[in-house]
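Structure at a glance
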Amino acid sequence: PALQHYSRLFRLLALVHYALHSVKAGWFQLSRRAVGRRPGSSGLPTAVLGLRHHMQLFVSTLQRYLVVDVVAAAAARLQDRVAEAASLDALSAAHSAFLDECTAKAFLGAEGQDVLRTITDMLSQTFRLRNALDAVSGEGSQLPSAAGALQELLAVETTFH
């Protein structure tokens, strides 16, 4: 079961990292779109620009929470418990407590499934935004037209908020 805990935790961290990459790539798309335009004009609705900013803030805050507040904090406590352990059973108990704490605080336990589902749904919106921005810039093939791409951007904005 320990490997399953680690696998679930690392998959969540990888998903968050990829979402952050997608949001950053969206910023790159927006900045490329602004080249040659007057300052502050990307040709996209202001709501889309604000959405990308809100997504960046959400995903980077979530990543910091998971890495610093969950894993690093629990690892520091594990290190203290390991240093104080007098037996193999105490080491095993310390490790189990570490995994239980990380699982619970990362919403991976049974009681956190609704929150986890909401988080993964919000992260999926970053991928939709990236695909829509690719389509608007002509680099994607998911949407047939610029009008359809703009509709998708606005749909992502509505869903994320």
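The structure reproduced in this document is the subject of the present report. The structure presented is a predicted model; accordingly, all values stated were derived computationally and were not measured. Positions within a chain are numbered from 1, following the residues in the order the chain's sequence is written. Reporting in this predicted model follows two pLDDT cut-offs: at least 70 for local features of residues, and 80 or more for side-chain atom pairs to be given and counted; totals over whole chains, interfaces and linings ignore these cut-offs and use all residues. As a rule here, side-chain values cover all heavy atoms of the structure and leave hydrogens and water aside.

A short note on the environment of Thr118
Using the following cut-off: Each helix corresponds to a stretch of at least 4 residues labelled H or I by DSSP, and each strand to a stretch of at least 2 residues labelled E; elements are numbered beginning at the N terminus. Exposure is judged per residue with a 1.4 Å probe applied to protein chains only, and the accessible area is read against the type maximum: over 50% gives exposed, under 20% gives buried, and values in between give partly exposed. For the purposes of these results, a polar contact is taken to be a pair of N or O atoms within 3.5 Å, where, inside protein, one atom must be able to donate a hydrogen and its partner to accept one; residues adjacent in sequence count only when each atom of the pair is a side-chain atom.
Relative to the elements of secondary structure, Thr118 occurs in helix H4 (residues 113-136). On the accessibility criterion, Thr118 (43% relative accessible area) is partly exposed. Engagement of the side chain of Thr118 in a polar contact is seen with the backbone oxygen of Asp114, the distance being 3.1 Å.

Here we look at the environment of Gln29
Structurally, Gln29 is set in helix H1 (residues 2-34). Looking at Gln29, the relative accessible area reads 5%, which means it is buried. Separated by 105 residues in sequence, Gln29 and Asp134 have C-alpha atoms that sit 7.2 Å apart.

Observations concerning the packing of helix H2 (residues 46-84) against helix H3 (residues 88-105)
Pairs of packed helices are described in terms of their axes, by the angle between the two and the distance that separates them. Rules: In this analysis, axes come from line fits to C-alpha atoms, helices being fitted only over the stretch in contact, and the angle between any two N-to-C directions falls in the range 0 to 180 degrees. Small angles under 35 degrees read as roughly parallel and large ones over 145 as roughly antiparallel, with 65 to 115 read as roughly perpendicular and the rest as oblique. A crossing counts as left-handed when the near helix is turned anticlockwise from the far one by less than a right angle, and as right-handed when that turn is clockwise. In this description, contact between two residues means that some pair of their heavy atoms is separated by no more than 4.5 Å. In this classification, Asp, Glu, Lys and Arg are treated as charged, Ala, Val, Leu, Ile, Met, Phe, Trp, Tyr, Cys and Pro as nonpolar, and every other residue, Gly included, as polar.
With their axes 9 Å apart at the nearest point, H2 and H3 run at an angle of 165 degrees to one another. If you check the angle between H2 and H3, you find them roughly antiparallel. Considering the relative orientation of H2 and H3, their crossing is right-handed. Where H2 approaches H3, its residues Tyr65, Val70, Val71, Ala74, Ala75, Arg77, Leu78, Arg81 and Val82 are matched on the opposing element by Leu91, Ala94, His95, Ala97, Phe98, Glu101, Cys102 and Lys105. Here the contact of H2 with H3 is built from residues that sort into 12 nonpolar, one polar and four charged.

With respect to a nonpolar patch on the surface
How we decide: Two distance rules govern patches: like charges are joined within 9 Å, and nonpolar side chains (Val, Leu, Ile, Met, Phe, Trp, Tyr) within 5 Å, applied only to residues with over 30% relative accessible area and no salt bridge. Per-residue accessibility takes into account occlusion by the displayed protein chains alone, with areas from the Shrake-Rupley method and a 1.4 Å probe. Every case where a carboxyl oxygen of Asp or Glu lies within 4 Å of a side-chain nitrogen of Lys or Arg is listed as a salt bridge.
On the surface, Val82, Leu88 and Leu91 cluster together into a nonpolar patch covering about 270 Å² of accessible area. With respect to the secondary-structure elements, Leu91 resides in helix H3.

Considerations on the packing of aromatic side chains
What counts is decided by this rule: Two rings from Phe, Tyr or Trp (for Trp, the six-membered ring) form a pair when their centres sit within 6.5 Å of each other. Planes less than 30 degrees apart are called stacked, planes more than 60 degrees apart edge-to-face, and all others tilted.
Tallied over the full model, the rule gives four aromatic pairs. An angle of 40 degrees between the planes, with centres 6.5 Å apart, marks the rings of Tyr6 and Phe98 as tilted. With Tyr6 in helix H1 and Phe98 in helix H3, the pair connects residues that are 92 residues apart, well separated along the chain. Grouped by ring-pair contacts, the aromatic residues Tyr6, Phe10 and Phe98 constitute a single cluster.

Quick look at unusual backbone geometry
Unlike most non-glycine residues, Phe107 shows phi in positive territory, near 65 degrees. Residue position: Phe107 is located in the loop between H3 and H4. The exposure class of Phe107 is partly exposed, given its relative accessible area of 22%.

Quick notes on the packing of H2 against H4
Two elements in contact, H2 and H4, have axes whose closest approach is 11 Å; the angle formed by their N-to-C orientations is 140 degrees. When the axis of H2 is compared with that of H4, the two are oblique. Two packed elements cross with a definite hand, and for H2 against H4 that hand is left-handed. Packed against H2, whose contacting residues are Val48, Leu51, Arg52, Met55, Phe58, Val59 and Leu62, the element H4 presents Ile119, Met122, Leu123, Gln125, Thr126, Leu129 and Leu133 at the interface.

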